[in-house]
Amino acid sequence: MPVVSLAKVVTSPAVAGDLAVRVPFIYGKRLVSNRVSFGKLRRRSCIGQCVRSELQSPRVLGSVTDLALDNSVENGHLPKGDSWAVHKFGGTCVGNSERIKDVAAVVVKDDSERKLVVVSAMSKVTDMMYDLIHRAESRDDSYLSALSGVLEKHRATAVDLLDGDELSSFLARLNDDINNLKAMLRAIYIAGHATESFSDFVVGHGELWSAQMLAAVVRKSGLDCTWMDARDVLVVIPTSSNQVDPDFVESEKRLEKWFTQNSAKIIIATGFIASTPQNIPTTLKRDGSDFSAAIMSALFRSHQLTIWTDVDGVYSADPRKVSEAVVLKTLSYQEAWEMSYFGANVLHPRTIIPVMKYDIPIVIRNIFNLSAPGTMICRQIDDEDGFKLDAPVKGFATIDNLALVNVEGTGMAGVPGTASAIFSAVKEVGANVIMISQASSEHSVCFAVPEKEVKAVSEALNSRFRQALAGGRLSQIEIIPNCSILAAVGQKMASTPGVSATFFNALAKANINIRAIAQGCSEFNITVVVKREDCIRALRAVHSRFYLSRTTLAVGIIGPGLIGGTLLDQIRDQAAVLKEEFKIDLRVIGITGSSKMLMSESGIDLSRWRELMKEEGEKADMEKFTQYVKGNHFIPNSVMVDCTADADIASCYYDWLLRGIHVVTPNKKANSGPLDQYLKIRDLQRKSYTHYFYEATVGAGLPIISTLRGLLETGDKILRIEGIFSGTLSYLFNNFVGTRSFSEVVAEAKQAGFTEPDPRDDLSGTDVARKVTILARESGLKLDLEGLPVQNLVPKPLQACASAEEFMEKLPQFDEELSKQREEAEAAGEVLRYVGVVDAVEKKGTVELKRYKKDHPFAQLSGADNIIAFTTKRYKEQPLIVRGPGAGAQVTAGGIFSDILRLAFYLGAPS
């Protein structure tokens, strides 16, 4: 039967004249035309209603399409079962002629005995069709030029794909369809309104054209292929303005009849469109093509449904938010449901229902990467999943832009119907409840709704419970804005102990505060509500902890001098090993000195950081630097590494820790500074999951702080800590022997780089005093640096020298005193050593030059080694001794590096 125009619009010359639309219907085998008069144009709002009334008449038996349903049914029936494979290609897959050719190649290469292919409209075409309707409704004449654009897009694609009779046939159909659409849009233009059935008819044309073109391209390969207008087969029952339910019984009957007239080994079917039981064209609403494919797969009882997209499969998390997200090999139907509900780019939950009934697996594959195996969605099976076997959590998803509504009051407890009244009020304003959490005490109910709906919800609840609020039975209806939901999904969570503990522990270690929690008894998901600004960091923290066992740290380095520069080089040399063997990804995203800073969100190239600092460095700004390190949403955990000796930098630690930034430092100024500031930092550290490591403040890379803590944590009692804490002073007195003068040894040490540029900084004993103060405080003593007795080795007359050079020039004048002390010690079989002492019994500390017998461990040092003796309740007779290099850029940087790795292990990296 030839193509018949759906609507001929005839208007009288008068603007206020009658409007008549001729709508053809298939009545049995006879084409009839009903003339529907709509009266004056001022009654144009009734047009859609009148047409619908006619369309829904019981007399209408056929579909408003170009194909009549033949009453005769040939012998034979549709073969169903495993011989059929169903493929679905989305709009991006058929976006242009080249992509349509690629799709045809995939269809041709599939070696299944029979194939059904469901296609969407070409990319952007559905949006273009909706735009046509919007323009016509707005009485915008540009709908005609926009329609010409639609025609040209498909004409040009067809010319590129087809030739001969195939091209002529398609272009004839295309032109007829465009004329039909022009008439329909003219009616909408005059009426100023489009009914749902009119809109559905218009927007469904994109699928009709893409299916016809793809079928013609497949036929060029010499294969038996036809196309199906799904409106002839697929019957759906509208249940709401945005949802339909398939009528499988009627659809099965129509499919059987259609196939007897159009049997072929390859069928190209339209997605998205269908018919109502009254044969009115409709759609499966937005994203309905996947649903179409699932219904068809169920109707054909296919062995598999493959949905082709532009991604490699279903990811363990949104790869735009978690760069380490991986493609999952398998998902159960229930897991796919849960992840899609929480916003993951999987499938709409309704897509899964038709195939689930027949255990038909769905495979998500990438048309642009045929080598990727994709993700299979099926009933739960025991197999490998990515990096882990039987991973309890398959993936993570988030929903943003939510608000929490908290209804609480003592009057709610034990009162039947309170929850019903709350959610009835919410229903009345049409709000969508995303998550509900209720305490078992029934004292409060909290639930999440989209932020755009929370105002209406708040007003409805305050109105409904006005008396309860006034009477005190409800204490408040609280609105908490700027929230996001984070959900962990996995079918095996139910049978794996400790999943919740691990989940919440990962959030705590990332310093994420949880506002609400919900978990269904099925345990397919754990859902938490967090601040919107914390959502991505929370997502990365739990994803890292569960799926990858990888800890990623955003590192900010302050002070790229000798020690900081050495640390950067060490991280550069070790980064690959840490990532490969220990799953620790250290990304230095910021380096700042006193004048310049360098920042990179993805991580600075440490092989050329010095060069980049000079070329791309910007003016240093500590607040901006801090915001950058903390605000990096691509990495859940951040750490500041202060490699300076600056008191101003140390004063920032409390603020950093408060903001959730971990701190690692060799800078002694914070722990030996004002006691109240030290106690404030330690108190904050104990109350939060933010870590503060400072092993390198005492003894560079030696495990002095950790040894002291280990003793205290295991119940030992510190009696005395005594040691040589300065590598410089250790070197000086280890070499101050024989006839050598002290000034000579100092000059030698300065030349070798063992001292500060001004040796008075070492000889003053202040550095040792700071270390003694730190150890005293770690032992529980409340000592202040200012009250600590310190023996200054700089002669008083030289303390005011204007420069280091002047000091070194005059130092030989004061050699006699120290030479005399050395001679006296040697005469007694002793040596001089500059030591710091923490006397925990007497609650005091000292820094002084002392004498030790030559068989004492302190007398047997060499070079610049440090040595520390812990006398405790357990180690009373023979002190516990830690000895080793306590100075130098390499060992100090190594100590800092060790603290960074310790932090990574605390945050979940495998040890």
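Note that the structure is predicted; figures quoted are calculated from it, not measured.

Student: Just to check I follow, could you spell out the UniProt feature "binding site: Na(+)" in the protein for this structure?
Tutor: UniProt's feature table lists "binding site: Na(+)" at E695, V698, A700 and L702, given in the numbering used throughout. Structurally, the position occupied by E695 is in the loop between strand 30 (692-693) and helix 24 (704-713). Among the residues examined, E695 registers a relative accessible area of 5% and is labelled buried. Apart from the residues lying within four places of it in its own chain, the contact partners of E695 are A700, L702, P703, I704, I705, S706, D899 and R902.

Student: What is the right way to look at a negative patch on the surface in this model?
Tutor: Together, E816, E817, E823, E824 and E826 give the surface a local cluster of negative charge. Among the structural elements, E823 can be located in helix 30 (residues 815-827). Its relative accessible area of 47% is what places E823 among the partly exposed residues.

Student: Which parts of the structure should I look at to understand the sheet that holds strand 33 (residues 844-853)?
Tutor: What holds strands together in a sheet is hydrogen bonding between their backbones, with the strands either parallel or antiparallel. Taken in spatial order, the five strands of this open sheet run 33-32-31-34-35, and their pairing is antiparallel. Of all the strands in the sheet, just strand 33 and strand 35 (880-885) have a single pairing partner and so form its edges. Taken pair by pair, the neighbouring strands of this sheet meet at an average axis angle of 20 degrees, ignoring direction. Relative to strand 35, strand 34 (residues 865-872) is paired through six bridges, and the arrangement is antiparallel. Bridged to I868 within strand 35 is V882.

Student: What is the right way to read the sheet that holds strand 18 (residues 395-408) from this model?
Tutor: Strand order in this open sheet of six strands is 19-20-18-21-23-22, and the pairing throughout is antiparallel. Each having just a single partner strand, strand 19 (435-438) and strand 22 (514-519) make up the two edges of the open sheet. Here the average twist between neighbouring strands, direction ignored, is 30 degrees. One ladder, built from five bridges, connects strand 22 with strand 23 (residues 525-531); its direction is antiparallel. Note on strand 23: the bridge partner recorded for I514 is V530. Helix-sheet contacts for helix 12 (residues 418-428) involve strand 18, strand 19 and strand 20 (444-450), and the interaxial angle to strand 20 is about 15 degrees.

Student: Even after reading the chapter, I still don't get the UniProt feature "binding site: NAD(+)" in the protein, so can you show me in this structure?
Tutor: Listed under "binding site: NAD(+)" in the UniProt record, and renumbered for this structure, are I563, T644 and G888. For this annotated set, covering 326 residues, all C-alpha atoms fall within 14.3 Å of each other, a compact arrangement in space. With respect to the secondary-structure elements, T644 resides in the loop between strand 28 (637-642) and helix 20 (647-650). Contacts of T644, omitting those with residues within four sequence positions, involve I558, G559, I649 and N667. Here the side chain of T644 touches D642 through a polar contact of 2.6 Å, side chain to side chain.

Student: Is there a simple way to explain the side chain of T728 in this structure?
Tutor: Among the secondary structure elements, T728 is positioned in helix 25 (residues 727-735). For T728, the contacting residues outside a window of four places in its chain are F754, T755 and D762.

Student: Is there a simple way to think about helix 19 (residues 622-630) in this case?
Tutor: One turn of the α-helix equals 3.6 residues, which is why residues spaced by three or four share an orientation. Taken residue by residue, helix 19 has F625, T626, V629 and K630 as its buried positions. Angular distribution of buried residues about the axis of helix 19 spans 125 degrees; they occupy a single face of the element. The N-cap residue of helix 19 is D621: its side-chain oxygen and the backbone nitrogen of E623 are 3.2 Å apart.

Student: Honestly, the packing of helix 12 against helix 13 (residues 454-464) in this entry has me stumped. Any pointers?
Tutor: With their axes 9 Å apart at the nearest point, helix 12 and helix 13 run at an angle of 135 degrees to one another. Taken as axis vectors, helix 12 and helix 13 run oblique relative to one another. Relative to helix 13, helix 12 is oriented so that their crossing is right-handed. From helix 12, A421, I422, S424, A425, V426 and E428 reach across to helix 13, where they touch V457, A460, L461 and R464. Residues of the contact of helix 12 with helix 13, tallied by class, amount to seven nonpolar, one polar and two charged.

Student: Please explain the packing of aromatic side chains as it appears in this structure.
Tutor: The description of an aromatic ring pair rests on the distance of the ring centres and on the angle between the ring planes. Inspection of the entire model under this criterion finds 15 aromatic pairs. By the ring-pair criterion, three or more aromatic residues cluster together here, those being Y653, W656, Y692 and Y694. We note K680 situated over the ring of Y654; from NZ or CZ to the ring centre the distance is 4.4 Å. Of note, R902 hangs over the ring of F693, and the distance from its end group to the ring centre comes to 5.7 Å.

The rules behind each value
- Residues numbered from 1 in each chain as written.
- Predicted model: local features only at pLDDT ≥ 70, side-chain atom pairs only at ≥ 80, totals over all residues.
- Heavy atoms only, no water.
- UniProt positions renumbered as here; feature names shortened; annotations may be inferred.
- Helix = DSSP H or I, 4+ residues; strand = E, 2+ residues; numbered from the N terminus.
- Buried < 20%, exposed > 50% of the residue type's maximum accessible area, 1.4 Å probe, protein only.
- Contact = heavy atoms within 4.5 Å.
- Patch = residues over 30% accessible without salt bridge, like charges linked within 9 Å, V, L, I, M, F, W, Y side chains within 5 Å.
- Areas by Shrake-Rupley, 256 points an atom, 1.4 Å probe, with all protein chains shown as cover.
- Salt bridge = Lys/Arg side-chain N within 4 Å of Asp/Glu carboxyl O.
- Lys, Arg positive; Asp, Glu negative; His and termini not counted.
- Charge placed at Lys NZ, Arg CZ, Asp CG, Glu CD.
- Pairing = 2+ DSSP bridges.
- Axes fitted to C-alpha atoms, helices over the stretch in contact; angles between N-to-C directions.
- Polar contact = N/O pair within 3.5 Å; in protein donor to acceptor, adjacent residues only side chain to side chain.
- Arc of directions from axis to C-beta.
- Parallel < 35°, antiparallel > 145°, perpendicular 65-115°, else oblique.
- Left-handed = near helix turned anticlockwise from the far one by under 90°.
- Nonpolar A, V, L, I, M, F, W, Y, C, P; charged D, E, K, R; others polar.
- Phe/Tyr/Trp six-rings, centres within 6.5 Å; stacked < 30°, edge-to-face > 60°.
- Lys NZ or Arg CZ within 6 Å of the ring centre and 35° of its normal.

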